[in-house]
Amino acid sequence: MISPPKKQRIPSLVHVTTAAIFALAGTVGAQTHPGHQAAGETLKIDARAQGTPFPHYWETVFGSGRAILSLRDSYRTDLRAVRQITAIQSVRFHGIFMDDVGLYDPGRKPIQFAQMKNANAASAENTGIYNFSYIDQIYDGLLDNGVRPFVELSFMPKKLASDPNALHPFWYKQNVSPPKDYADWDAMIAAFAQHLIDRYGLDEVSHWNFEVWNEPNIDFWAGKPAKATYFELYDHTALTLKKVNRRLRVGGPATAQAAWTGDFLRHCKEKNIPVDFASSHVYANDTAKDVFHTDETIPRDRMVCRAVRKVHDEIAASPLPSTPLIFSEYNASYANEPNVTDSIYMGPWLAATISQCDGLTESMSYWTFSDVFEEQGIVRSPFYGGFGLLAEDHIPKPAYNAFFMLHQLGDRRLPLASESALATRRSDGAVVVALWNYAPPDGTGASYTPPPASRGLSKTFALQVAGISANAGATILRLDEDHGNVIKAYDAMGRPPFPSRKQIADLRKAGEPAPPEQMMLKDSRVTVQVPPQGLVLITFFNPKAR
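Residues numbered from 1 in each chain as written. Predicted model: local features only at pLDDT ≥ 70, side-chain atom pairs only at ≥ 80, totals over all residues. Heavy atoms only, no water.

1. Quick word on the overall build of the protein
For the protein, the helix and strand inventory stands at 13 helices and 22 strands. In terms of C-alpha radius of gyration, the protein reaches 25 Å, essentially the compact-globule figure of 24 Å for 546 residues. Within the protein, contacts between residues at least 6 apart in sequence are counted, and of these 77% link residues at least 24 apart. Of the roughly 22200 Å² that the protein leaves accessible, carbon and sulfur atoms contribute 51%. One way to put it: in the protein the 55 positive side-chain charges average out to a point 4 Å from where the 57 negative ones average out. (Helix = DSSP H or I, 4+ residues; strand = E, 2+ residues; numbered from the N terminus. Rg over C-alpha atoms; globule rule 2.2 N^0.38 Å. Contact = heavy atoms within 4.5 Å. Areas by Shrake-Rupley, 256 points an atom, 1.4 Å probe, with all protein chains shown as cover. Lys, Arg positive; Asp, Glu negative; His and termini not counted. Charge placed at Lys NZ, Arg CZ, Asp CG, Glu CD.)

Printed below as a string of structure tokens:
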């Protein structure tokens with residue numbers, strides 16, 4: 001059984017004893033540069049308001065690269081670090097059926113050493129079609145670290161592929177063709193599922209999600225026509241899993257760019273094919289033409305939740321309107337953009353996305369929790385625009401600190417009329433407020449752009465908090481250019497592609513969450529400044545509520 005991690009109020013990385021910029025009421029904020037007067041917003045928060053449920057849907061599932069990487073110590077070290085600061089419950093990755101995992105290998109023959117003769121005889125103990133050794137090590141490793149698999153059923157083993165040359169451009173060249181024989185595919189799926197039940201027990205495996213393939217609407221699927229052939233794959237897979245046991249949870253279509261969901265559910269209904277959840281993907285730099293088939297210009301901080309709402313509405317209008325929705329991949333970019341996924345830009349982007357997507361989806365899987373990752377090849381620099389929360393060598397990025405901060409939010413959302421703030425209440429009565437000052441990334445594309453002289457105006461939030469003590473104490477966590485920003489330290493080093501061990505230690509230290517500031521309300525009011533691309537999290541303590 002998997003137990004959820006204990007909620008971490010302060011990460012072990014933070015040295016509280018060194019904390020303490022202390023401000024008694026008044027304006028609490030990072031330095032405002034001359035000539036950059038703050039824009040203002042007044043927020044009225046009532047801690048006694050009933051509010052609405054606010055499940056932490058954004059931090060229970062995370063993506064990672066491909067299955068075989070999970071055997072590395074670096075992968076598991078990063079997984080433990082992310083589990084410390086989020087509510088992660090499961091991990092999704094590509095390629096559990098790829099040949100480097102070794103599941104499907106009919107007709108296996110021993111390797112013949114050049115110096116040996118008559119070495120064709122296979123051992124009687126290991127001549128079966130299926131080899132579960134690495135499968136077991138992969139899933140054991142996740143479960144031993146307190147997370148479940150979110151099983152993406154991909155890609156095609158070469159001995160089962162209808163087209164051995166249908167290789168994806170990724171560095172590891174996965175085969176993306178349909179099976180050459182669906183009887184063999186069905187048999188592999190059945191053996192795989194039965195093995196998991198035999199090893200881990202049905203009560204455990206029935207909590208796992210089984211998602212059929214990855215992004216079949218683009219170049220991850222070579223079937224022609226793509227939609228019809230993917231539906232054939234889904235039908236075989238879902239029916240086979242349910243034949244093994246009805247309690248196994250299966251879904252799809254796992255499409256890129258929020259595609260196909262309505263058609264997929266209509267197909268399942270018409271053909272009486274089981275489906276327990278619908279899944280899709282979107283990235284903030286996807287285009288409106290690809291996602292909505294329009295010529296709109298949709299800002300990066302709006303794209304993800306526009307797409308989530310689109311799929312949510314398609315499900316509601318489908319013949320299976322109660323189907324749960326899982327966005328099994330999302331991020332601010334599908335490409336390697338160092339000014340986006342490595343930078344403090346991720347703080348306000350993530351907060352805005354969480355605020356907008358609330359109530360539209362069961363869960364969203366951030367792609368990815370770690371830069372132990374090889375889609376574009378072996379890592380050549382710690383900060384190349386990787387998707388992970390942690391860079392190579394376990395260096396926390398600003399996105400790691402953003403997840404740490406937003407994990408502190410409560411599970412009741414309080415009414416608040418703002419597009420740059422989110423107010424919540426925790427079960428202990430504390431009121432937790434996120435404030436952000438969204439500004440576009442300093443640059444886009446694969447090349448890094450140094451920070452400009454100015455990103456724009458700081459923003460001043462004047463908070464009035466009712467329902468707690470008028471002089472309640474609070475803590476402030478910050479993520480901005482000068483707080484929790486490892487890139488500032490990396491720039492100061494001259495951005496070495498292969499940092500020394502000393503530099504790596506310094507970068508890990510620089511990437512830690514900034515120490516919390518302490519402050520107090522004065523007559524139920526406080527004013528906070530947030531610089532551009534800044535995220536602030538304030539926790540107002542409310543001991544009377546306990």
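2. A word on the layout of surface pockets
Rolled over the atoms, a probe with the dimensions of a water molecule shows which regions are left empty. Of the voids in this model, the largest pocket is the one considered here, and its volume is about 380 Å³. Lining the largest pocket are 24 residues, with Glu215, Ile218, Phe220, Tyr283 and Tyr334 positioned closest to its centre. Counting residues per element, the lining of the largest pocket draws most heavily on strand 10 (residues 277-283), at 3 residues. Tallied by class, residues from the lining of the largest pocket come to 10 nonpolar, 8 polar and 6 charged. (1 Å grid on protein atoms, 1.4 Å probe; cavity = no way out; pocket = protein on both sides within 12 Å on 5 of 7 lines; lining within 4 Å. Points joined across faces, edges and corners; volume = space filled by probe spheres on them. Nonpolar A, V, L, I, M, F, W, Y, C, P; charged D, E, K, R; others polar.)

3. Some details on the sheet that holds strand 7 (residues 148-153)
Taken in spatial order, the 8 strands of this closed barrel run 5-6-7-8-9-10-11-12, and their pairing is parallel. Adjacent strand axes in the sheet meet at a mean angle of 30° when their direction is disregarded. Judged from the 4 bridges that link them, strand 5 (residues 61-66) and strand 6 (residues 90-94) form a sheet pairing that is parallel. Bridging across to strand 6, Phe62 finds its partner in Val91. (Pairing = 2+ DSSP bridges. Axes fitted to C-alpha atoms, helices over the stretch in contact; angles between N-to-C directions.)

4. Digging into empty space enclosed by the protein
Throughout the structure, instances matching the rule amount to 1 cavity of 30 Å³ or more. If you tally residues by element for the lining of the largest cavity, the top one is helix 12 (residues 486-492), at 3 residues. Of the residues in the lining of the largest cavity, the class split is 5 nonpolar, 4 polar and 5 charged.

5. Remarks on the state of the cysteines
Across all of its chains, the model carries 1 disulfide by this definition. Covalent S-S linkage joins Cys305 and Cys357, the inter-sulfur distance amounting to 1.8 Å. The disulfide joining Cys305 to Cys357 has a torsion of about -105° about its S-S bond and is therefore left-handed. Highlighted residues: Cys305 in helix 8 (residues 300-316) and Cys357 in helix 10 (residues 346-357), separated in sequence by 52 residues. Assigned by exposure class, Cys305 and Cys357 land together as buried. (Disulfide = S-S within 2.5 Å. Buried < 20%, exposed > 50% of the residue type's maximum accessible area, 1.4 Å probe, protein only.)

6. Side note on the pairing of strand 9 (residues 249-255)
Residues in a regular strand point their side chains to alternate faces of the sheet. Of all 7 residues making up strand 9, 6 are buried, and the element is well covered by its neighbours. Viewed along the sheet, the connection from strand 8 (residues 209-212) through helix 5 (residues 226-244) into strand 9 turns out right-handed. The sheet contact formed by strand 9 and strand 10 spans 4 bridges and is parallel. Bridged to Thr255 within strand 10 is Ser280. Handedness of the crossover is the feature at issue here: the chain leaves strand 9, passes through helix 6 (residues 261-271), returns alongside strand 10, and the resulting connection is right-handed. (Right-handed = clockwise from strand over helix to strand, strands pointing away.)

7. Focus on the pattern of salt bridges
Following the criterion strictly, the structure yields 34 salt bridges and no others. For Arg72, the salt bridge identified is with Glu374, shortest N-O distance 2.7 Å. Placement of the pair is Arg72 in the loop between strand 5 and helix 1 (73-85) and Glu374 in the loop between strand 12 (363-366) and strand 13 (390-391), with a sequence separation of 302 residues. The class of Arg72 is partly exposed, set by a relative accessible area of 37%. Classification of Glu374 by relative accessible area gives buried; the value is 8%. Among the salt bridges present, the one from Lys397 reaches Asp342, with a minimum N-O distance of 2.9 Å. Of the two residues, Lys397 is situated in the loop between strand 14 (395-396) and helix 11 (398-407) and Asp342 in the loop between helix 9 (338-341) and helix 10; the sequence distance between them amounts to 55 residues. (Salt bridge = Lys/Arg side-chain N within 4 Å of Asp/Glu carboxyl O.)

8. Here's the deal with the environment of Ser162
Counting through the fold element by element, Ser162 comes out in the loop between strand 7 and helix 3 (182-200). For Ser162, a relative accessible area of 41% puts it in the partly exposed group. Beyond its immediate sequence surroundings of up to four residues, Ser162 is in contact with Ser177, Pro178, Pro179 and Lys180. Engagement of the side chain of Ser162 in a polar contact is seen with the backbone oxygen of Pro178, the distance being 2.7 Å. (Polar contact = N/O pair within 3.5 Å; in protein donor to acceptor, adjacent residues only side chain to side chain.)

9. Regarding the packing of aromatic side chains
Following the criterion strictly, the structure yields 33 aromatic pairs and no others. Each ring, one from Tyr139 and one from Trp208, has its centre 5.4 Å from the other, and the planes form 65°; the classification is edge-to-face. A residue pair is termed long-range when its members are at least 10 positions apart, and Tyr139 in helix 2 (residues 133-144) and Trp208 in the loop between helix 4 (202-205) and strand 8 qualify at 69 residues. Look at Tyr139 and you get buried, because its relative accessible area is 1%. Aromatic pair Tyr230 and Trp260: ring centres 6.1 Å apart, planes at 45°, arrangement tilted. (Phe/Tyr/Trp six-rings, centres within 6.5 Å; stacked < 30°, edge-to-face > 60°.)

10. Regarding the nonpolar core
It is characteristic of soluble globular proteins that their nonpolar side chains tend to be buried jointly. One finds Tyr139, Trp185, Phe192, Phe210, Tyr230, Tyr234 and Val304 to be the most contacted residues of the largest nonpolar core, which totals 122 residues. Residue contributions to this core peak at 9 residues, all from helix 3. (Core = buried A, V, L, I, M, F, W, Y, C linked by side-chain atoms within 4.5 Å.)

11. Some details on helix 10
For helix 10, which comprises 12 residues, the first-to-last C-alpha distance of 16 Å matches the rise-based estimate of 16 Å (1.5 Å per residue) to within 8%. The buried fraction of helix 10 amounts to 11 of the 12 residues, a majority that puts the element mostly inside the structure. Those residues of helix 10 that fall on the buried side of the exposure criterion are Met346, Gly347, Pro348, Trp349, Leu350, Ala351, Ala352, Thr353, Ile354, Ser355 and Cys357. Phi turns positive, to about 90°, at Gly359, one or two residues after helix 10. (Expected span 1.5 Å × (residues − 1).)

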